[in-house]
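Chain residues, written in single-letter form:
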Amino acid sequence: MGVLRLGAPDNENGTYHLWTKWQLKKAIKQISLRNKTAVDLGCGIGRIGPILKGAGVVNLTGIDVSIRMAQSTQNDAYNNIVVGDLLELPFSDSAFDIVVCLGVLEHIPVSKFTRCLDEIMRIVGSGGFLVIETNYGVHNRWWPLPSNPFRRGVQLENGYVG
């Protein structure tokens, strides 16, 4: 089972994992992943790697800000796991055909959101694809940090950025 956050109850992680897998499979039905390179931004423990590899990705990189989450990757679908920040992605321009970012952008502070999107766009190759999903409704995403009860702007001990 995939993990939303280490130490969360199984029903929370399991529900999130099923929902994310369904969203990802629905999105990638629209594009061919055969012989493509991909990066999983905010890969956590690697819950979506097997789906991407199973769809034909030949080279899959995962990146997570949390050392603990990245070290907990529980499958061999990833060719490379990197610890890094979405605000300064350690990849060359146009490095990937597919960039997947599931349930991550809502954790980026509003003041850094544009910079994050610029970085994501920088690493997508010409003719490449972005697969993005957020967990909050649009109206919640734009709440200022102090008034957003869902976002504390800190990385928690379990690797979750809240």
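Bear in mind the structure is a predicted one, so any value in this text is a computation, not a measurement.

A. Representation of a nonpolar patch on the surface. Taken together, the side chains of Met121, Leu130 and Ile132 make up a nonpolar region of the molecular surface, amounting to roughly 260 Å² of accessible area. Along the chain, the position of Met121 falls in helix H4 (residues 113–123).

B. Representation of the pattern of salt bridges within the structure. For the coordinates displayed, the defined rule picks out three salt bridges. Arg122 is paired through a salt bridge with Asp93; the nearest N and O atoms lie 2.9 Å apart. Of this pair, Arg122 sits in helix H4 while Asp93 sits in the loop between strand S3 (80–83) and strand S4 (96–102), placing them 29 residues apart in sequence. Its relative accessible area of 52% is what places Asp93 among the exposed residues. Residues joined in a network through salt bridges with shared partners are Asp93, Glu119 and Arg122.

C. Structural view of the pairing of S4. For S4, the buried fraction is high: six of the seven residues fall into the buried class. Sheet topology places strand S1 (residues 37–41) next to S4; four bridges connect them, and they run parallel. Considered in S4, the bridge of Val39 is made with Val99. Two strands pair when backbone bridges link them, and S4 and strand S5 (residues 124–133) are joined in this way by six bridges, in the parallel orientation. If you follow Ile98 over to S5, its bridge partner there is Phe129.

The rules behind each value
- Residues numbered from 1 in each chain as written.
- Predicted model: local features only at pLDDT ≥ 70, side-chain atom pairs only at ≥ 80, totals over all residues.
- Heavy atoms only, no water.
- Patch = residues over 30% accessible without salt bridge, like charges linked within 9 Å, V, L, I, M, F, W, Y side chains within 5 Å.
- Areas by Shrake-Rupley, 256 points an atom, 1.4 Å probe, with all protein chains shown as cover.
- Salt bridge = Lys/Arg side-chain N within 4 Å of Asp/Glu carboxyl O.
- Helix = DSSP H or I, 4+ residues; strand = E, 2+ residues; numbered from the N terminus.
- Buried < 20%, exposed > 50% of the residue type's maximum accessible area, 1.4 Å probe, protein only.
- Pairing = 2+ DSSP bridges.

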